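# Architecture and fold: a report
One letter stands for each residue in the lines below.
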Amino acid sequence: MVTRRQFLTGLSATYVMSGFSRTAGAADALPIKYGYAAITWGADIVKAMEDISAVGFRAIQLRGEAFAQFGDKPKALRELLDKHRLTFAVLSSGNLSIDPAREQEMLTLHTQHAQFVKDAGGLYLQVIDERPKGRDVVPDDYRRLGRLMTELGKRTGNLGVPLVYHHHMNSTGEKPHEVAAVLDAADKRHVRLLFDVAHYQQGGGDPVPAIRTYRDWIDVVHLKDVRPAPESSGRGGSGGSGGSRGSSGSGRSGGASPYQFVELGRGRVDLPGVFAALREINYRKWAIVELDRVPDPGRTPKEAAETNKRYLVETMHQTI
């Protein structure tokens with residue numbers, strides 16, 4: 001026989017445990033499509049595919065090297081991707097200059113890259129803009145960039161390849177208010193956002209509320225971490241996934257970088273908060289893990305990818 005006291009005690013325990021389960025469930029896998037960026041391997045695209053596939057990721061982001069090596073044979077790239085069971089999620093198309101004298105050149109170049117993405121079975125085209133050199137950014141720069149990306153997005157969209165804008169250190173969209181100004185000048189129907197949690201943080205923003213702010217813009221997320229660079233090291237994050245930026249972590253020439261991109265969980269980005277925000281907005285699109293270069297001497301890009309996967313699976317309880 002179960003006494004009334006035992007029944008109520010058991011009921012209370014069940015309630016507490018059910019509450020615990022709901023809390024624990026907040027860390028359950030999100031319906032996100034995960035991929036990994038090939039930038040860590042430099043120009044060795046084939047090795048990047050081999051390693052990324054072996055680690056267990058099923059999608060890849062490629063850079064300009066892919067067009068340089070396979071631009072005239074996209075079918076060969078598609079066959080390699082199929083061999084390694086990888087989806088070609090994003091091509092980093094390089095920098096987009098807002099110099100009026102180069103406008104047609106920019107439109108032609110990046111549209112050509114979009115055609116390559118389509119022919120190789122890829123999905124998205126990414127661009128990073130170039131911050132004006134030798135002067136401050138003015139409001140017309142944001143407007144010009146927004147208009148140029150809108151026109152480019154119309155052209156790539158006609159090919160079936162959406163355009164995503166990657167805000168970035170040392171670009172016009174470096175700081176949070178600059179990202180906002182660029183997007184205010186762009187047409188959301190033709191320009192989508194690649195939201196980079198580490199670049200947004202390094203630019204002075206908090207990526208967690210920003211994910212909520214830009215929920216209707218984001219088609220791709222870059223999962224990345226960043227920390228202050230060790231004093232004894234000039235090793236920083238490179239120009240990132242733009243494909244033609246320099247190697248300085250800040251994107252500026254000369255001197256050591258003030259910051260360093262590192263594997264997930266080793267920096268100061270609030271990644272648990274990022275995942276909570278992605279859950280809150282019911283994010284179901286792409287997330288690409290990116291590490292510009294291996295931060296620790298003696299370790300390989302594959303080992304760094306394994307570290308990133310462990311963080312996603314064991315700490316964030318995600319399914320890759």
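Overview of the structure. Sequence order as written defines the numbering, with residues in each chain counted from 1. Thresholds applied to this predicted model are a pLDDT of at least 70 for local features of residues and 80 or more for the giving and counting of side-chain atom pairs; totals over whole chains, interfaces and linings are not thresholded and use all residues. Based on all heavy atoms of the structure, the side-chain values leave hydrogens and waters out of the count.

### Description of the overall build of the protein
Just so we agree on the cut-off: Helical segments are the DSSP runs of H or I of at least four residues, strand segments are the runs of E of at least two, and each set is numbered from the N terminus. Note on classification: 1.4 Å probe, protein chains only; a residue is buried when its accessible area is under 20% of the maximum for its type, exposed when over 50%, partly exposed between these limits. Here, residues are in contact when the closest pair of their heavy atoms is within 4.5 Å. Computed with a 1.4 Å probe, the accessible areas rest on the Shrake-Rupley method; for each residue, only the protein chains presented here act as cover.
Helix and strand counts for the protein come out as eleven helices and ten strands. In the protein, which comprises 320 residues, the proportion classed as buried is 52%. For the protein, long-range pairs separated by at least 24 residues make up 80% of all intrachain contacts whose partners lie at least 6 apart in sequence. When the accessible surface of the protein is summed, it comes to about 14200 Å², and 51% of that surface belongs to carbon and sulfur atoms.

### Notes on the packing of aromatic side chains
Test applied: Note on aromatic pairs: the rings of Phe, Tyr and Trp (six-membered ring only in Trp) are paired at centre separations within 6.5 Å, and the planes decide the class, stacked below 30 degrees, edge-to-face beyond 60, tilted for the rest. Note on criteria: charge over ring means Lys NZ or Arg CZ within 6 Å of the ring centre, with the direction from the centre no more than 35 degrees off the ring normal.
Here the structure, examined in full by the defined rule, presents five aromatic pairs. Measuring from ring centre to ring centre gives 5.4 Å for Phe67 and Phe116, while their planes differ by 85 degrees; the resulting arrangement is edge-to-face. Taken together, the residues Phe67 in helix 3 (residues 64-70) and Phe116 in helix 5 (residues 103-119) connect sequence positions 49 residues apart. Aromatic pair Phe195 and Tyr200: ring centres 5.1 Å apart, planes at 45 degrees, arrangement tilted. This pair shows no difference in class: Phe195 is buried, exactly as Tyr200 is. The structure contains a cluster of three or more aromatic residues connected by ring pairs, namely Tyr36, Trp41 and Phe57. Across the ring face of Phe261, the terminal group of Lys224 is positioned such that the distance to the ring centre comes to 4.0 Å.

### Here's the deal with helix 2 (residues 45-55)
Where helix 2 is concerned, the buried positions are Ile45, Ala48, Met49, Asp51, Ile52, Ser53 and Val55. Buried positions along helix 2 lie against strand 1 (33-37), strand 2 (59-62), helix 3, helix 4 (74-83) and helix 11 (301-315). Trailing helix 2 by a residue or two, Gly56 shows a phi angle of about 120 degrees, which is positive.

### Digging into unusual backbone geometry
Its identity as a non-glycine residue notwithstanding, Asn170 has a phi of 60 degrees, on the positive side. Within the secondary structure, Asn170 sits in the loop between strand 5 (163-166) and helix 7 (176-184). Its identity as a non-glycine residue notwithstanding, His317 has a phi of 55 degrees, on the positive side.

### Considering helix 7
The test is simple: Think of the arc as the fan of directions from the helix axis to the C-beta atoms.
Here helix 7 has its buried residues at Glu178, Val179, Val182 and Leu183. Projected down its long axis, helix 7 shows its buried positions confined to an angular sector of 130 degrees, all on one face. Exposed side of helix 7, more than 90 degrees from the buried face: His177 and Asp184 are the residues found there. In the core, the buried residues of helix 7 are packed alongside helix 6 (139-158), strand 5, strand 6 (191-196) and helix 8 (197-202).

### Structural notes on the packing of helix 4 against helix 5
Rule in force here: Orientation is described by lines fitted to C-alpha atoms, with helices fitted over the stretch in contact, and by angles between N-to-C directions that extend from 0 to 180 degrees. Note that the term roughly parallel is reserved for angles under 35 degrees, roughly antiparallel for angles over 145, roughly perpendicular for angles of 65 to 115, and oblique for everything else. Handedness of a crossing follows from how the near helix is turned relative to the far one, being left-handed for an anticlockwise turn of less than a right angle and right-handed for a clockwise one. Amino acids outside the nonpolar list (Ala, Val, Leu, Ile, Met, Phe, Trp, Tyr, Cys, Pro) and the charged list (Asp, Glu, Lys, Arg) are all regarded as polar, and Gly is one of them.
Put simply, helix 4 and helix 5 touch, their axes get as near as 8 Å, and they point 45 degrees apart. The pairing of helix 4 with helix 5 is recorded here as oblique in orientation. Here the hand of the crossing between helix 4 and helix 5 comes out right-handed. Contacts between helix 4 and helix 5 involve Pro74, Leu77 and Arg78 on the former and, on the latter, Phe116, Lys118 and Asp119. Of the residues that constitute the contact of helix 4 with helix 5, the class distribution is three nonpolar, no polar and three charged.

### Digging into the side chain of Ser92
Cut-off, in case you're wondering: Under the rule applied, a polar contact is a pair of N or O atoms within 3.5 Å (in protein, one hydrogen donor and one hydrogen acceptor; residues adjacent in sequence only if both atoms are side-chain atoms).
Looking at where Ser92 falls in the secondary structure, it is placed in strand 3 (residues 87-96). We classify Ser92 as buried; its relative accessible area is 1%. Engagement of the side chain of Ser92 in a polar contact is seen with the side chain of Gln61, the distance being 2.7 Å.

### Considerations on the sheet that holds strand 6
The criterion, for reference: A strand pair is defined by DSSP finding two or more bridges across the two strands.
Read around the closed barrel, eight strands run 1-2-3-4-5-6-7-10, paired in parallel fashion. Strand-to-strand twist of the sheet, defined as the mean angle between neighbouring strand axes without regard to direction, takes the value 30 degrees. Note that strand 4 (residues 124-129) and strand 5 share three bridges and pair parallel. Following the sheet pairing, Val127 is matched in strand 5 by Tyr165.

### Side note on the environment of Thr40
On the secondary structure map, Thr40 appears in the loop between strand 1 and helix 2. Residue Thr40 is classed as buried on the basis of its relative accessible area, which comes to 10%. Each C-alpha atom of the pair Thr40 and Val294 lies 6.8 Å from the other, and the pair is 254 residues apart in sequence. Once residues lying within four places of it in the same chain are set aside, the contact partners of Thr40 are Leu291, Asp292, Arg293, Val294 and Pro301.

### Some thoughts on empty space enclosed by the protein
Formally: Any residue with an atom within 4 Å of a point lines the site, the site being either a cavity, points on a 1 Å grid over the protein atoms alone where a 1.4 Å probe fits but cannot get out, or a pocket, an open set with protein on both sides within 12 Å along at least 5 of 7 lines. Grid points are joined across faces, edges and corners, and a volume is the space filled by probe spheres set on the points.
Per the stated rule, a full pass over the model turns up two cavities of 30 Å³ or more. Roughly 50 Å³ of volume is contained in the largest cavity. Forming the walls of the largest cavity are Ala38, Ile39, Trp41, Gly42, Asp44, Ile45, Ala48, Leu62, Arg63, Glu65 and Ala66. Secondary-structure elements contributing two or more residues to the lining of the largest cavity are helix 2 and helix 3. Class assignment of the residues belonging to the lining of the largest cavity gives a composition of seven nonpolar, one polar and three charged.

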